[in-house]
Structures are given as structure tokens and as C-alpha cells.
Amino acid sequence: MVFSSLLFLYAFFPLNMLAYRIAPDIKAKNWVMLVFSLVFYAWAGPVYVLLLVGMTYADYIAALWIDAAKRKSTRKKMLFRGCAINLGLLCVFKYLTFLLQNFHSWWGFPWVPQIALPIGISFYTFQLISYMVDVYREQVPAQKDFKVLLLYVSLFHQCIAGPIVRYETIEQELTGRKFRRSDMAGGIRRFTVGLAKKALLSNYCGSLADTFLVSTSAEGQLATVAARPALSIWLGVLCYTLQIYLDFSAYSDMAIGMGQMIGFHYDENFNYPYCARSIRDFWRRWHISLSSFFRDYVYIPLGGSRRSVPRVILNLLVVWALTGLWHGASWNYVFWGLYYFVFLVLERYVLRGLPEKMPHWLNRVYVLGIVGVGWLLFRCEDINVFWAALRGLIGLNGNGFTNYETNLTLRSNLFFLIVAAVGCTPFVVNQGKKLAARAERKKGWMWLYQCIQMLSPILLTLLSTAALVGDSYNPFLYFRF
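Residues numbered from 1 in each chain as written. Predicted model: local features only at pLDDT ≥ 70, side-chain atom pairs only at ≥ 80, totals over all residues. Heavy atoms only, no water.

1. Quick word on the pattern of salt bridges
In the structure shown here, the tally under the stated rule is 14 salt bridges. Here Lys198 and Asp247 are joined by a salt bridge, their closest N and O atoms 2.7 Å apart. Here the residue Lys198 occupies a position in helix 9 (residues 181-212), and Asp247 occupies one in helix 11 (residues 230-261), the gap between them amounting to 49 residues. Salt-bridge contacts for Asp296 lead to Arg295; the nearest nitrogen and oxygen are separated by 2.8 Å. With relative accessibility at 43%, the residue Arg295 sits in the partly exposed group. Via salt bridges that share partners, Arg190, Lys197, Asp253 and Glu268 belong to a single interconnected network. (Salt bridge = Lys/Arg side-chain N within 4 Å of Asp/Glu carboxyl O. Helix = DSSP H or I, 4+ residues; strand = E, 2+ residues; numbered from the N terminus. Buried < 20%, exposed > 50% of the residue type's maximum accessible area, 1.4 Å probe, protein only.)

Below, the structure written as C-alpha cells:
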């Protein structure tokens, strides 16, 4: 079940909100959210609920022991054991098959088991690790009530595909949140904006990416991509670049909106990354919860930027190799992480802030060019397909610049691509802020502002529903990670 499915929109979520609304107190409301969250998670694979609950219970006990221990060495041992259990299970379910496949291809390893990936395991594993580390650092007390900790981990808003919500962010709200009409109204608006980004923009961008490039599930990808004209590949990269932002930020918008409706305030996960002025700035804006996790729980403990230059470079190498590997058990994800490592090191030690000093239009070209090629690498699990597409971008496949099919598809979708590109910028939000400021100064504008505030969620929901009816292309890309 995904947030943009009709089943979720018109059955699961309304029932959840109704049950939550009639629950008499915070304990009952938490039970409602816990039951609905476990049902939501079980929808994709009931057996893996046991894994989620088991990992949470193990970390619940570990955190209590860490909190109670007097000696630092004992606390450190318990933290190490808890993290080892989490990371060990993550490696078994996510990376064991990948490792054995490589052993098989290199040395003829005789047996490669196919292990299904529990949905959301990358996200809730990191949440559990951050919880235990924060207890160890005495930033938060250990949660004494297992049900509350399980609710934190399993909340269906963010359990499956983030954002990676830290325990300290919502610690007080888990047991002390209150209903506010402004939160409900703001949450509804945020949710419907995310729904529209997903249903009206992201899904069609994905369809166009498959048209201009090739579907990632199609056979004969290498031959198909090699034959594509250069313009088609460029447009395919553009469409996938738009899709992956609109898709993932839409999920984050919907998660943040649903949390806000019931009094949870999750941190922002995106800040218009395609408006970044450097690659370093891009990673301050993209998937902020993941970037901050690796910064606070890997990079800084390794020594951060306080060490010698070779050690800092080594720390960055570790972080970006892990960042790539976190996204999937495939070499293209590892190379994707290392690809960004190279540019971040260049910006830090060679360019020394030069990209951010360039004219706006030039650093936008610089960032979007690097990010676009990065997304091409991210999309192509077969490295040979990536190299073919990369050569095709500059016509080295003998593929020509364009053809009739590419020109026709571009002309038919040019307006849509412009709208989708605008949707990746703060243009609409800024116009809304200007209208709000004008409404405060001139009462004559207040009625227009209030009408937009009230009617836009209804209109976006209706348009999104119309787009989703009969739409077979409706994945959330980050469900795989």
C-alpha cells in the first residue's frame, strides 16, 4: 500500500483519522496509531512485522541497559552489541545475496540464496541506531514503555521510506502532543501538495523517462539505449532527474503533512536541492535526514574535519561509500556514492568554494550537470548501460542528435516539462508568501487568499484522484531502499 493509492486515500487513511479522532485520550490515540501502523507495514509482508518488532524490542532492552549502566565501558559494549545486531540483520537481508552473487561470479560460489528485502528496513534500522546512540550520549533518556518506542519506529507516516525521524525530535510529542486546528489545516495542505506532486507530476515524468531512455525492467536495455539519439538521452536524464525529486519529496511532504495532522512535527527532508549553488550545497538540501545521519553518527565520530587532510579525505570516502551502499545492494550505487565523494573533495580542496562564487546561471549548470549524470548512474544498475548512455549523450554511439519520435514526444510534452521543472523550485511557495503578505496589508486581497487556502486541497485531491484512476505506473522509488 502506498500513500498515493486509492485504497490508502479513500479507505485506510480516513479510517485511521476517524478512529484517532474518537479515541478519548493520548494513550488510546497511540494505540490507534500503533495498530494502524503495524497493519500498514504488514500489508507488504506480514512476516516482516516480526522482524520490525523484534529489532525494536532488542534495542529497547539495549537502551535500558545503556541508560542504567554506570561505567562508560559497559555502556559502550551495550551500544556496540545493539548496533551490531541492527547492522547484522540489515546486511543479511539487504546485502548477503549481493555479496554471494559477486563470490559466485568471481570464484564460482555454488549457491546464492534469494533473500527478500523487508520494506523500509534501511530507514527504521537507522532510526533505531540513532535512538541508541542518543541514549548513550545522554541526549535523550531511554524510553521505559516499549509500546511508545515501537510506535516511534513503526509510525506508518515515515516507517517505509522516511524521512529518518530522530527520537529526540518527537520524544515529547509521542506522549504529550495536542490537537490544534492550525496543524490540521496545515497538514492537509502539505499532504495534498505532496499527493499532487506524486500523481500529477512524478508519475508522468517517470513514464517519459522510460520513453526517452528505456524502462529499467525491460530486456535488451544496452542495445536500446545505445540506439537512442543524443537528445532522447538528454531528455531521459532530465525526466528522471525531475521524477526522483518529485517522487521522494512528495513522499516526504505527505509524511510530514500526515504527522502534522495529529500533532507530530517532523523535520524537513528537502530544501529545493536543484537550486543549489554547489555539490556541497546540494547535499545540504537533498534527503537532509540521511545526510545529517551520516554526518552526526559516522563522519563526526570518525573525526570529521578536525583531522589532517588525508584523514578528512578518508572520512569522506567512508561516508560516501556507505551512502551509496545504503541506497542498494548493487555496484552502481557504490559508484554513485564515490562519484559524489570525488566532487566534494574537489570542491573542498581544489575549487575552494569557487562554484558558489560563479554567476547564478553558471553554478546552476554546473550542479545540474553533475547531478544529472549522477542520477543516470543511479538509475542504471547495469554499468554497461550507464556507459552506453553516457557515450550517447555526446553522440559517441553513432546515434545521431535526434529523430522524429523524439521531436514529437518533446513537442507533445514541452509544457508539462516546464511545469514539472517549476515544481522543483520555490516559485509557487514564494508566490503564496507574496499573496499572504499582500493580504495582510490589503483586506481586499484576504478573501482571495482564504479561498485559495480552502479550495486548493480539494482541487489538488480531485485532480490527483483523476490521475490515479487507471494509472498503472505509481511506484515510490525509495520503497526499494
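2. Here we look at the nonpolar core
If you look at the biggest cluster of nonpolar residues, it comprises 136 residues, and the most contacted ones within it are Phe8, Tyr124, Phe156 and Trp375. Here Phe156 is in contact with Phe3, Phe8, Phe12, Phe13, Asn16, Met33, Phe36, Ser37, Phe40, Tyr251 and Met258, once residues within four sequence places are set aside. (Core = buried A, V, L, I, M, F, W, Y, C linked by side-chain atoms within 4.5 Å. Contact = heavy atoms within 4.5 Å.)

3. Quick notes on the packing of helix 4 (residues 72-94) against helix 6 (residues 121-136)
One way to put it is that helix 4 packs onto helix 6 with a least axis distance of 10 Å and a crossing angle of 175°. In terms of orientation, helix 4 lies roughly antiparallel with respect to helix 6. Contact with helix 4, carried on its side by Lys72, Arg75, Lys76, Leu79, Gly82, Cys83, Asn86, Leu87, Leu89, Leu90, Phe93 and Lys94, involves Ile121, Ser122, Thr125, Leu128, Ile129, Met132, Val133, Val135 and Tyr136 of helix 6 and no other residues of that element. Of the residues contributing to the contact of helix 4 with helix 6, the split by class is 13 nonpolar, 4 polar and 4 charged. (Axes fitted to C-alpha atoms, helices over the stretch in contact; angles between N-to-C directions. Parallel < 35°, antiparallel > 145°, perpendicular 65-115°, else oblique. Nonpolar A, V, L, I, M, F, W, Y, C, P; charged D, E, K, R; others polar.)

4. Digging into helix 19 (residues 404-422)
Along its 19 residues, helix 19 runs 27 Å from first to last C-alpha, staying within 8% of the 27 Å computed at 1.5 Å per residue. Of all bends in helix 19, the biggest is about 55°, found at Asn413. Where helix 19 is concerned, the buried positions are Thr406, Thr409, Asn413, Phe416, Leu417 and Ala420. (Expected span 1.5 Å × (residues − 1). Bend = angle between axes of the 7 residues up to and from the residue.)

5. Considering helix 2 (residues 26-42)
In this model, helix 2 (17 residues) spans 24 Å end to end at C-alpha, consistent with the 24 Å of a helix rising 1.5 Å per residue. Among the residues making up helix 2, those that are buried are Lys29, Asn30, Val32, Met33, Leu34, Phe36, Ser37, Phe40 and Tyr41. Structurally, helix 2 contributes buried residues whose contacts are with helix 1 (6-22), helix 3 (47-68), helix 6, helix 7 (146-154) and helix 8 (167-176).

6. Some thoughts on the packing of helix 2 against helix 7
Angle between the axes and distance between the axes: these two values describe a pair of packed helices. One can describe the packing of helix 2 onto helix 7 by two numbers: an axis separation of 9 Å at closest approach and a directional angle of 50°. Between helix 2 and helix 7, the angle is such that the two are oblique. Of the two elements, helix 2 crosses helix 7, and the hand of that crossing is left-handed. Residues Asn30, Trp31, Met33, Leu34, Ser37 and Leu38 of helix 2 lie in contact with helix 7, whose contacting residues are Lys147, Leu150, Leu151 and Ser154. Looking at the contact of helix 2 with helix 7, its residues break down into 6 nonpolar, 3 polar and 1 charged. (Left-handed = near helix turned anticlockwise from the far one by under 90°.)

Interpretation note: all reported values are geometric properties and have no functional meaning in isolation.
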